[in-house]
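Fold and geometry: a report
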Amino acid sequence: WLLINLSTEQAIWEMMVGGNLMRLFFWSIVGGLVGTGLMDIVGKFATEKLKIRWGGWGGNAALGRWALGIFGGHFVHKNIIESSPVKNEVLVGGAFHYFTGGSLALTYPLFYLIFNVPMQGNHLIYSLLWGLATVLFPWFILFPGFGWGFFGVRAPNNVRSFISPMVEHLFYGLGLGIVLNIAS
């Protein structure tokens, strides 16, 4: 367990997690995985029960195709839908989604640490805002990589590339906040 001996930094650690930084990182990753699961549940519910075409085309297939393309040096597709299918793209897309969700959750406590801000006792509101901030990743990295441009402006007509990531990423933040509140 990591404790910093300098008085200022030690005070920050104590305010954040009672000096147990690794525990905070562990529970942040768990919260990110739970939040990612909530995102998937919301997307599935909207698609299957509400009959709303929600999120990106192909879900994990598109994400896997994009991720595997990156490993092959193909960062931006003309249009991910027109790109050739790749073996195991659904499996890789699902794994990549959860890996990203768990890893991205580490930015929540790191933000407090880097900017020397005391972490609040109740994480719910702040994690919801953090989840909303993470929508920048699909808007500015994923959708352009799919060939859809920033905010997904060139996405297929039936894809809600602006609103669905905002709603799903709020649920991501909700999962992160619930887990951190339970763990603290």
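Every value quoted in this text rests on a predicted model; they were computed, and no experiment measured them.

Thoughts on helix α4 (residues 89–104)
Relative to the 22 Å expected for 16 residues at 1.5 Å per residue, α4 spans 21 Å between its end C-alpha atoms, a close match to the ideal helical length. Taken residue by residue, α4 has E89, G93, G94, H97, G101, G102 and L104 as its buried positions. On its buried face, α4 is in contact with α2 (21–48), α3 (60–71), α5 (107–114), α6 (124–133), α7 (136–146) and α8 (163–183).

Brief notes about the packing of aromatic side chains
In total, this model carries 16 aromatic pairs according to the counting rule given. Pairing F111 with Y112 gives two aromatic rings, centres 5.8 Å apart and planes at 85°, and the pair type is edge-to-face. Judged by its relative accessible area of 6%, Y112 falls in the buried class. For F111, a relative accessible area of 33% translates into the label partly exposed. Ring pairing ties together the aromatic residues W66, F96, F143, F146 and W148, which thus form one cluster.

Description of a nonpolar patch on the surface
Together, L110, F111, I114, F115 and V117 make up an exposed nonpolar region whose accessible area comes to about 450 Å². Within the element layout of this structure, L110 appears in helix α5. Taking the relative accessible area as the measure of exposure, L110 reaches 31% and is therefore partly exposed.

Observations regarding α7
Among the residues of α7, P138, W139, L142, F143, P144, G145 and F146 are the ones counted as buried. Buried residues along α7 sit in contact with α3 and α8. Phi turns positive, to about 90°, at G147, one or two residues after α7.

Topic: the side chain of S28
Mapped onto the fold, S28 is located in helix α2. For S28, a relative accessible area of 0% gives the class buried. The residues touching S28, leaving out its near neighbours within four places in the chain, are A105, L106, P109, L176 and L180.

Remarks on the packing of α2 against α8
Close contact between α2 and α8 brings their axes to 7 Å; oriented N to C, the two are set at 140°. Regarding α2 and α8, the two cross each other, and that crossing is right-handed. Taken together, the residues of the contact of α2 with α8 break down into 15 nonpolar, eight polar and two charged.

Basis of the calculations
Residues numbered from 1 in each chain as written. Predicted model: local features only at pLDDT ≥ 70, side-chain atom pairs only at ≥ 80, totals over all residues. Heavy atoms only, no water. Helix = DSSP H or I, 4+ residues; strand = E, 2+ residues; numbered from the N terminus. Expected span 1.5 Å × (residues − 1). Buried < 20%, exposed > 50% of the residue type's maximum accessible area, 1.4 Å probe, protein only. Contact = heavy atoms within 4.5 Å. Phe/Tyr/Trp six-rings, centres within 6.5 Å; stacked < 30°, edge-to-face > 60°. Patch = residues over 30% accessible without salt bridge, like charges linked within 9 Å, V, L, I, M, F, W, Y side chains within 5 Å. Areas by Shrake-Rupley, 256 points an atom, 1.4 Å probe, with all protein chains shown as cover. Salt bridge = Lys/Arg side-chain N within 4 Å of Asp/Glu carboxyl O. Axes fitted to C-alpha atoms, helices over the stretch in contact; angles between N-to-C directions. Left-handed = near helix turned anticlockwise from the far one by under 90°. Nonpolar A, V, L, I, M, F, W, Y, C, P; charged D, E, K, R; others polar.

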